[in-house]
Amino acid sequence: MLRAEEALARAQAETEHAPPGLADALAALSPASLDLAALGAGTALAGVPVIPFVQAVRRLLPPELEPAFHRGATTQDIADTTLVLQMRAGFDLIAEDCAVIVAGLSRLAAEHRATPCVGRTYGQHAAPISFGYKAATWALGVAEVAGQLPDLRGRVLTASLGGPVGTLGAFGGQAETVANAYARHLGLRPEAVAWHTRRARVAEVGAWLARLLGALAKWAGDVVHLCSTEVAEVSEPVVPGRGGSSAMPHKRNPVSSTVILAAFGAAKGLATTLLDAMASAHERPAGAWHAEWHALPQLFGLASGALREGRTLVEGLIAEPDRMRANLDLTRGLLFADAAAAACARRIGAAAAHALVERAAGEVRATGRDLRSVLTGMLETDGVDLAPAFDLARPVAAAAAATDRALASLNAMSVATPPLR
């Protein structure tokens, strides 16, 4: 709020709406100059923090400067501009974390581009893939959302200055000049018309944060399953005391993934609050705008915690290739059913081949035999070369090629770390 008022004073001084010394006097103040406990009590009384803030600053200014302070502005101008300044700082931190996570997942994908792994659909074994392909999918999910941040910043990092009803009437014919100077001094984009009740930009930020948490949650959800005892294909970083149980000394629960999933679970309702705030009555609503103050900071906080855990996870996730390979054999060749049906189709047609392999799969489940031997013993497969269908190298090579394409896409996205302000 001090930065916003200082910028306003400098803009006013350029158009002779305020004395030159006002901005310097404001620049000399700091939050330590103010009684924050008194501001909290004043906020409870006034309903907004800007009113007691303005009153407190006025008491600290020389008498000759005090009349020009906050002139032409309204509470929402300062509150919304402050919100934007805080979002800008938050975006910088989020961008840095996203860049680290995407880079880490990309390295994991490259390292395991040809590490055989079970592909799962509906929670069941489907067909072989590579673990690198799975990691590349995680990376792309985060990168696709993170890559939207530059455009989002361009739309939402705008100064708010409109005066009591948004018209900047106090500045007459110099209104646009003052508004542009105000934005310039803050390093923000100016707005031609006040956005006091145009809250789509705030709702967009909330939705973007929820989507980012959703991308992290997809990764975290997969990790939770892969960490389960029966699967055990990955484990979270081992840290003494982390992931334990108050009752079961042997437990190593996936803490980072749990935090990420919890953050996503809480985010959706908060994003809805911001959408509801778009129904802002007339030139300033009662309650809708104020509800943003509860929702948006929490969304940034949830994103911060989830990204912190994401960095911990990506920097220490332990892959278990031997267990991945062992799990490929759990269904005794059923992972190759699609390829086997394709091989049989060339001899007996696609529909008949599908039915044949489906019948063979039932026998695998009933007898414990492997799919290849069951199919080999069927009259319908006489003369069919089944060997290529059960060659693990073929689906893994396809997954590795898909991983390479994903990594090329990630390189093109350039989820870069911006300089921190």
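Summary of the structure given here.

Rules used in this analysis
- Residues numbered from 1 in each chain as written.
- Predicted model: local features only at pLDDT ≥ 70, side-chain atom pairs only at ≥ 80, totals over all residues.
- Heavy atoms only, no water.
- Helix = DSSP H or I, 4+ residues; strand = E, 2+ residues; numbered from the N terminus.
- Rg over C-alpha atoms; globule rule 2.2 N^0.38 Å.
- Buried < 20%, exposed > 50% of the residue type's maximum accessible area, 1.4 Å probe, protein only.
- Contact = heavy atoms within 4.5 Å.
- Areas by Shrake-Rupley, 256 points an atom, 1.4 Å probe, with all protein chains shown as cover.
- Lys, Arg positive; Asp, Glu negative; His and termini not counted.
- Charge placed at Lys NZ, Arg CZ, Asp CG, Glu CD.
- Salt bridge = Lys/Arg side-chain N within 4 Å of Asp/Glu carboxyl O.
- Axes fitted to C-alpha atoms, helices over the stretch in contact; angles between N-to-C directions.
- Parallel < 35°, antiparallel > 145°, perpendicular 65-115°, else oblique.
- Left-handed = near helix turned anticlockwise from the far one by under 90°.

Along the backbone of the protein there are 16 helices and four strands. The C-alpha atoms of the protein give 30 Å as radius of gyration, which overshoots the globular expectation for 421 residues (22 Å, by more than 25%). A total of 421 residues make up the protein; the buried ones form 47% of that total. Taking as baseline every contact in the protein between residues at least 6 positions apart, the subset at least 24 positions apart corresponds to 76%. Summed over its atoms, the accessible surface of the protein is roughly 19,700 Å², and 57% of this surface lies on carbon and sulfur atoms. Of the side-chain charges in the protein, 38 are positive and 40 negative, and the distance between the mean point of each set is 3 Å.

What follows covers the pattern of salt bridges. A side chain with one charge may pair with a side chain of the opposite charge, provided their charged atoms come close. For the structure on display, the rule yields 19 salt bridges. The shortest N-O distance in the salt bridge between E204 and R155 comes to 2.4 Å. Note that E204 is positioned in helix α9 (residues 200–227) and R155 in helix α7 (residues 149–156), a separation of 49 residues in sequence. Between E191 and R201 there is a salt bridge, with its nearest N and O atoms 3.2 Å apart. Here R201 lies in helix α9 and E191 lies in the loop between α8 (175–186) and α9, a separation of 10 residues in the sequence.

Two elements in contact, helix α6 (residues 131–146) and helix α16 (residues 393–413), have axes whose closest approach is 9 Å; the angle formed by their N-to-C orientations is 25 degrees. Between α6 and α16, the angle falls in the class roughly parallel. At the point where α6 passes α16, the crossing takes the left-handed sense. Mapping the contact onto sequence places G132, Y133, A136, A139, L140, A143 and E144 in α6 and A399, A402, T403, A406, S409, L410 and M413 in α16.

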